[in-house]
Amino acid sequence: MAANATAISDLPPLPAIDLQPMPDLLPFISDFWLGLIAPHIAYWVLSMIFHLIDVYDLFPQYRLHTPEEITQRNLASRWEVARDVIIEQIIQIATSAFLSLTEARQMTGMEDHDVAVWATRVRLAQRALPALLGTLGLNAAAISKNMAASYPLLAGALAGGHYPFLTTTLEGATGSIPVPAFAPWELLVAKAIYWVIIPGFQIWLAVCFLDTWQYFWHRAMHMNKWMYTHWHARHHRLYVPYAYGALYNHPVEGFVLDTVGAGLAYKVTMLSPRMGLVFWTFSMCKTVDDHCGYALPWDPLQRLTSNNAAYHDIHHQSWGIKTNFSQPFFTVWDRFLGTMYKGDVKLKYAQTRASAAAKDARKKGGEVSVNDMAASLARSKEESEAKGEVRNRGEKMMDKL
């Protein structure tokens, strides 16, 4: 009993908790409204960057499709796309508002206490070191004694978390009282766990949940004729995707696939409101990037995983529509369930480019001979082969992962 009391007294005391409402992240807008609009501001800002690249043809060498393909192959006008995207975003904002209102106000003032709790766990974990080293035939007490003068912190860890030289003062009714203190490395580990590892793990779980949700719903909408005809077919009116068409969906599909999926990921993984803001904004940017129509070698979102614009673009083609269902982050489910597109896509892209060029010429009143079409196809094929590593970036990056 006395030994237990001594062991407990060796532990540093925990800081007091003083809960206060967390101040807003930005001084000119509340966190509530910031959470509602930030993902959609990010959506349109990133979309407009890609739109300017598209309109001024700034990086033609990285295009997945030619401008003629956008005008000749897509079955929805840009106005229709923008209108439906705004409708979906209104639904998402309303849903986000509902989720936010179900959350208690985020508080602050317990962070130092929670970090100290993790530091206490680190201290308690050290008590297993002597026994663990003993199983390896090492005398932890002797090693600790020999190192005490030169490496006191390491000696304290080897002694089972015994740091008699680390003290601080605690103000009490009778004045200052000396109490045990944490080692700097213990606090560093505790802060890493509290501020980095746990939030990172929660975000990772949310990503995995959203990927799983979207894969199976997305695949179901292709396998079920009724759901495809009534819901998902609208999104596939864009054979040539572009950035702000990322959320061009039927309202029901958008609600089920995107809004509910992201909302459940937020709730299931118990993200804080600010972590949810990061998760939703990042997911929105990733979705825009996946539909941008460019395989940009310096785009960090396209380097992050193999599920990028080149990968998802295959799914938008008539010959790849029953493959590459995974979105928006990883390709795990496509790999595991055998729905990843396999094969060379260069010739297929060359054929669609040549066909779009021929249609565009006919529309402008020109005549296209068989020889002209063959020459156009040959040129498209040569361009595709010359830029093969760019056009086929999705497959190359998949091999790396």
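Counting of residues starts from 1 at the beginning of each chain's written sequence and follows it residue by residue. Local features are withheld for residues below a pLDDT of 70 in this predicted model, meaning they are given only at 70 or higher, and side-chain atom pairs are given and counted only at 80 or more; totals for whole chains, interfaces and linings count all residues. Side-chain figures throughout are based on the complete set of non-hydrogen atoms in the structure, without hydrogens or water.

- Identification of the protein chain as Fatty acid hydroxylase domain-containing protein from Humicola insolens is taken from an unreviewed UniProt entry.

Looking at the overall build of the protein chain
Alright, step 1. Counting its regular elements, the protein chain contains 19 helices and 4 strands.
Alright, step 2. Only protein chains enter the area calculation, which uses a 1.4 Å probe; residues under 20% of their type maximum are buried, those over 50% are exposed, and those in between are partly exposed. When burial is assessed residue by residue, the protein chain has 45% of its 401 residues classed as buried.
Alright, step 3. For the protein chain, the proportion of contacts with a sequence separation of at least 24, taken over those separated by at least 6, is 71%. The secondary structure listing takes helices from DSSP runs of H or I that are at least 4 residues long and strands from runs of E that are at least 2 residues long, numbered from the N terminus. By definition in these notes, contact holds between two residues if any of their heavy atoms fall within 4.5 Å.

Structural notes on the pattern of salt bridges
Alright, step 1. Basic side-chain nitrogens of Lys or Arg form a salt bridge, by our definition, when they fall within 4 Å of a carboxyl oxygen of Asp or Glu. Applying the stated criterion across every chain, the model contains 10 salt bridges.
Alright, step 2. Residue Asp 31 is joined to Arg 274 by a salt bridge in which the shortest nitrogen-to-oxygen separation is 2.9 Å. Of the two residues, Asp 31 is situated in helix α2 (residues 31–55) and Arg 274 in helix α12 (residues 273–290); the sequence distance between them amounts to 243 residues.
Alright, step 3. For Asp 31, a relative accessible area of 23% corresponds to the partly exposed category.
Alright, step 4. Judged by relative accessible area, Arg 274 falls into the partly exposed class, the value being 23%.
Alright, step 5. Among the salt bridges present, the one from Arg 63 reaches Asp 57, with a minimum N-O distance of 2.9 Å.
Alright, step 6. Overall, the relative accessible area of 34% leaves Asp 57 in the partly exposed class.

Remarks on empty space enclosed by the protein
Alright, step 1. Detection works on a 1 Å grid of protein atoms alone, calling trapped sets that fit a 1.4 Å probe cavities and calling open sets with protein on both sides within 12 Å along at least five of seven lines pockets, with lining residues defined by an atom within 4 Å of a point. Grid points are joined across faces, edges and corners, and a volume is the space filled by probe spheres set on the points. Applying the stated criterion to the full structure yields 4 cavities of 30 Å³ or more.
Alright, step 2. Counted as a void, the largest cavity has a volume near 310 Å³.
Alright, step 3. Lining the largest cavity are 20 residues, with Gln 92, Asp 258, Ala 262, Trp 280 and Met 284 sitting closest to its centre.
Alright, step 4. Residue assignment for the lining of the largest cavity shows that the elements contributing at least two residues are α2, α4 (78–101), α9 (184–223), α11 (251–268) and α12.
Alright, step 5. Secondary structure elements with two or more residues in the lining of the second largest cavity: α9, α11, α12 and α14 (309–315).

Digging into the packing of aromatic side chains
Alright, step 1. Note on aromatic pairs: the rings of Phe, Tyr and Trp (six-membered ring only in Trp) are paired at centre separations within 6.5 Å, and the planes decide the class, stacked below 30 degrees, edge-to-face beyond 60, tilted for the rest. Going through the model one piece at a time under the given rule, you end up with 22 aromatic pairs.
Alright, step 2. Put simply, the rings of Tyr 215, Phe 216, Phe 325, Trp 333 and Phe 336 pair up and form one aromatic cluster.
Alright, step 3. The cationic tip of Arg 78 hangs over the ring face of Tyr 242; the distance from NZ or CZ to the ring centre is 4.1 Å.
Alright, step 4. Counting as a charge over the ring demands two things of the Lys NZ or Arg CZ atom: a distance within 6 Å of the ring centre and an angle within 35 degrees of the ring normal. If you follow Arg 121 out to its NZ or CZ, it ends over the ring of Trp 118, 4.5 Å from the centre.

Side note on the packing of α11 against α12
In a pair of packed helices, the angle between the axes and the distance between the axes together describe the arrangement.
Alright, step 1. With axes taken as lines fitted to C-alpha atoms, and helix axes fitted only over the stretch in contact, angles between N-to-C directions fall between 0 and 180 degrees. Remark: α11 packs on α12, axes separated minimally by 10 Å, with the N-to-C direction vectors making an angle of 145 degrees. In this structure, α11 meets α12 at a crossing whose hand is right-handed. Here Ala 262, Gly 263, Ala 265 and Tyr 266 of α11 lie close against α12, whose contacting residues are Pro 273, Gly 276, Phe 279 and Trp 280.
Alright, step 2. The residue makeup of the contact of α11 with α12, split by class, is 6 nonpolar, 2 polar and no charged. A crossing counts as left-handed when the near helix is turned anticlockwise from the far one by less than a right angle, and as right-handed when that turn is clockwise. The residue classification treats Ala, Val, Leu, Ile, Met, Phe, Trp, Tyr, Cys and Pro as nonpolar and Asp, Glu, Lys and Arg as charged. All others, Gly included, are polar.

Some thoughts on α11
Alright, step 1. To estimate how far a helix should extend, the number of its residues minus one is multiplied by 1.5 Å. Its 18 residues place the ends of α11 24 Å apart at the C-alpha level, agreeing with the 26 Å of an ideal helix rising 1.5 Å per residue.
Alright, step 2. Bend, in this description, refers to the angle at a residue between axes fitted to the seven residues ending there and the seven starting there. A bend of about 30 degrees at Val 260 is the largest found in α11.
Alright, step 3. Next to the buried residues of α11 lie α4, α9 and α12.
Alright, step 4. Positioned one or two residues after α11, Met 270 has a phi angle of 55 degrees, which is positive.

Some words on the confidence of the model for the protein chain
Alright, step 1. pLDDT runs from 0 to 100 and stands for how confident the predictor is about each residue. Taken as a whole, the protein chain shows an average pLDDT of 89; of its residues, 88% reach a score of 70 or greater.
Alright, step 2. Across residues 1–7 the pLDDT falls below 50, and counting only partners more than four positions away or on other chains, this stretch makes 1 contact in the model.

Looking at the layout of surface pockets
Alright, step 1. The computed volume of the largest pocket comes to approximately 540 Å³.
Alright, step 2. Around the largest pocket sit 20 residues that line it, and Gln 106, Met 110, Tyr 194, Ser 272 and Met 275 are the ones nearest its centre.
Alright, step 3. Counting residues per element, the ones that place at least two in the lining of the largest pocket are α5 (111–126), α9 and α12.
Alright, step 4. The dominant element in the lining of the largest pocket, judged by the number of residues it contributes, is α9, at 5 residues.
Alright, step 5. Partitioned by chemical class, the residues of the lining of the largest pocket number 12 nonpolar, 3 polar and 5 charged.

Section: unusual backbone geometry
If a residue is not glycine, its phi is most likely negative; likewise, a peptide bond is most likely trans.
Alright, step 1. Cis peptide bonds are those with omega within 30 degrees of zero, and the linkage from Gln 327 to Pro 328 qualifies with -5 degrees.
Alright, step 2. Summarising the element assignment, Pro 328 is placed in the loop between α14 and α15 (332–337).
Alright, step 3. The backbone of Asp 57 shows a phi angle near 50 degrees, a positive value even though the residue is not glycine.
Alright, step 4. Its location among the elements puts Asp 57 in the loop between α2 and α3 (67–73).

A short note on the UniProt feature "transmembrane region" (unreviewed entry) in the protein chain
Alright, step 1. Per the UniProt record, the feature "transmembrane region" (unreviewed entry) sits at residues 32–53 and 192–217.
Alright, step 2. Helix and strand shares over residues 32–53 are 100% and 0% respectively, and the end C-alpha atoms of the span are 33 Å apart.
Alright, step 3. As annotated, residues 192–217 has a helix share of 100% and a strand share of 0%, and its two end C-alpha atoms lie 36 Å apart. UniProt positions are given in the numbering used here, feature names are shortened, and annotations may be inferred rather than shown by experiment.

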